[in-house]
Amino acid sequence: MRVYKQAFSVSWELFGFSRNFFFFMGVILFFLTHSFFTVTTLFCDYIFFPKFRKVKVKQPVFIIGHPRSGTTFIHHLFTQTDEMAAFTTWQLLFPALTARIIVKPIVRFLTRKQPMVLIPESAGHQISLDSVEEDEMLFLHNHDTQFVIIGTPLGFAEKDYREIRFHDLQPRKKRISSALFLKSIFQRHIYYTGKTQIFAQTHFSTHRIKTLLEVFPDARFIYMHRMPEETLPSYFSLNYNTLDILWGMHRFTEKQKANFNNRRYAASLELYRYFYELWHNNEIDKERVLIVDYKKLRNELIPMFDQIVDFTGIKPSDELRATVEQQAEKQKSYKRKHKVKTLSDFGIDNDRVRKDFGFLYKDDPFADQKN
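Rules and cut-offs
- Residues numbered from 1 in each chain as written.
- Predicted model: local features only at pLDDT ≥ 70, side-chain atom pairs only at ≥ 80, totals over all residues.
- Heavy atoms only, no water.
- Pairing = 2+ DSSP bridges.
- Helix = DSSP H or I, 4+ residues; strand = E, 2+ residues; numbered from the N terminus.
- Axes fitted to C-alpha atoms, helices over the stretch in contact; angles between N-to-C directions.
- Buried < 20%, exposed > 50% of the residue type's maximum accessible area, 1.4 Å probe, protein only.
- Contact = heavy atoms within 4.5 Å.
- Phe/Tyr/Trp six-rings, centres within 6.5 Å; stacked < 30°, edge-to-face > 60°.
- Expected span 1.5 Å × (residues − 1).
- Arc of directions from axis to C-beta.
- Salt bridge = Lys/Arg side-chain N within 4 Å of Asp/Glu carboxyl O.

Engineer: Summarise the sheet that holds strand β1 (residues 61–65); cite the residues concerned and give the values.
Structural biologist: Read across the sheet, four strands follow the order β4-β1-β5-β6 without closing on themselves; strand pairing throughout is parallel. At either end of the open sheet lies a strand with only one pairing partner, and these are β4 (199–201) and β6 (289–293). Strand-to-strand twist of the sheet, defined as the mean angle between neighbouring strand axes without regard to direction, takes the value 25 degrees. As defined by bridge partners, β1 adjoins β4 across three bridges and the pair is classed as parallel.

Laid out in C-alpha cells, this is it:
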C-alpha cells in the first residue's frame, strides 16, 4: 500500500485538483485492484498447486546491463524457439497459476486472429500480449523495480526514489525476500510450462546482482556492455514514446519532464557505475559473469552465441542454432525501424556524458574479460 499512497501523493503534488489528477486516480485504482487479484491468486496457488514449491530452479541465466545495450536482443535470440521457460507479457502480468486458468481463455480470444500489440514497434520496443517479454517486469508485483518509477507519475516527482533502485543496499530481509519472490514465480512458471531453463532479461537487476548470487548459487550472469552515448539516446527515446502512448506526455509540464529526464540520467549513471565498481573492486565472483560487447554481438553473432552457450551450459537444439545462423545473415542488412531522438532533445549534451561517464572512457573498462 505504501507505493500506492506515494503515487496518490505525487499525483496531487503534480496536478492538484484537475482532470489529470482524477485520470491517474483511476489508473492507481486499476493497479490496486490488479495487485489485490495477484496477491489473492498467488496465495491460492499454495492450495490448488502445492507441488510447484518442490520445483528446482537450476542454473538460471540472468541478462543484465543498461537498457538498450542488447539485453532484449540476446533474450529474444535464445528464447525464440520456445526451448526456455520464458514469460510472455500476459504471463508476466498474471504470474499466479490460479490466475492463468482464469485469464488464458481471454488471452486466446484476444489473440485468436492476430497478435494483440500493446506498445507498437515505432515506440522503440514492441510489446504484444502473447510475445516473450522481459522478466524484470515480475518485480512490478512487489514494487521493487525501476519500472515502478519509470512507468508512473513517481518518475516526475521531486523526490528521488533511490531505495527502489539500489536493491543490493536494501536491508537484508527486504532484498532477500524480493529475490525469493522472484524464485517462487520461476518455480510456478517451470511447473506451468514443463521447461526447466530460466533465461531471464533483468537489466535493472544489475543493482541486485549480489542478492541474486546469494539466492541462486548456481546462476550465471551475462552483462551486456555498450557505451552510454549509444544507449542513452535510445533509452530516453523509448521512455518518452512509451509514456506518451500510455499516459500522454502532454499531461506533464516542461519542468516535470526535465525532472524526469534528469532522474533517469542519474539512474543510468548509477547503474553503469555500480557494476563497474563491483567488477573492479572484485566484489562479485567473476567466474559467474560473462561480459558481452554489443558490437561483437552484432558483428560476430555465431562465435558469441557459442561462447554464451559454453559459459551457461545451455544445450541448444539444432533448430535454435539454425535460427541463430539466419539471424546472423539478417543482421547484415538490419535497419532500425524507429526514430531515436538526440540527447540534446532531453536537455543533455555529449560533453556532460563524457565527463560523468569518464570511468568508462579512460581505457577498455573490462579488458580482463570482455569478449
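Resuming the write-up.
Engineer: Provide a residue-level description of the pairing of strand β5 (residues 220–225), including the pertinent values.
Structural biologist: Burial analysis of β5 places five of its six residues in the buried class, which makes it a mostly covered element. Of the pairings in the sheet, the one linking β1 to β5 comprises five bridges and is parallel in character. The partner of F62 across the bridge, within β5, is F221.

Engineer: Would you mind going over the side chain of H34 in detail, with residue names and values included?
Structural biologist: One can find H34 in helix α2 (residues 19–48). Residues contacting H34, with those up to four places away along its chain left out, are L93, F94 and H141.

Engineer: Hey, could you go over the packing of aromatic side chains for me, with residue numbers and the actual values?
Structural biologist: By the definition in use, this model includes 33 aromatic pairs. Between F49 and Y191, the ring centres sit 6.3 Å apart and the planes meet at 70 degrees, which makes this aromatic pair edge-to-face. Separated by 142 residues along the polypeptide, F49 in the loop between α2 and β1 and Y191 in helix α7 (residues 172–193) bring together distant segments of the chain. Here F49 falls in the buried class, since its relative accessible area comes to 18%. Given a relative accessible area of 36%, Y191 falls into the partly exposed group. Plain terms: the ring middles of F236 and F346 are 5.4 Å apart, the flat faces sit at 70 degrees to each other, and that makes the pair edge-to-face. Of this pair, F236 sits in helix α9 (residues 228–246) while F346 sits in the loop between α13 (318–330) and α14 (350–356), and the two are 110 residues apart along the sequence. Taken as a pair, F236 and F346 share a single burial class, namely buried. Put simply, the rings of F15, F23, F24, F156, W247, F252 and F260 pair up and form one aromatic cluster.

Engineer: Tell me what's going on with α13, and back it up with residues and numbers.
Structural biologist: With 13 residues, α13 ought to run about 18 Å at 1.5 Å a step, and its terminal C-alpha atoms sit 19 Å apart, in line with that. When we look at burial in α13, the residues that qualify are L320, T323, V324 and A328. Burial along α13 is one-sided: seen end-on, the buried residues are contained in an arc of 145 degrees. In α13, the exposed positions angled more than 90 degrees off the buried face are occupied by D318 and E319. In this fold, the buried residues of α13 make contact with α3 (71–79) and α12 (301–312).

Engineer: Can you break down the pattern of salt bridges residue by residue, with the values?
Structural biologist: A full pass over the atoms with the stated rule returns 11 salt bridges. The shortest N-O distance in the salt bridge between K195 and D82 comes to 3.8 Å. Placement of the pair is K195 in the loop between α7 and β4 and D82 in the loop between α3 and α4 (89–93), with a sequence separation of 113 residues. Overall, the relative accessible area of 52% leaves D82 in the exposed class. Here E214 makes a salt bridge to R175, at a shortest N to O gap of 2.9 Å. One end of the pair, E214, is in helix α8 (residues 209–215); the other, R175, is in helix α7, with 39 residues separating them in the sequence.

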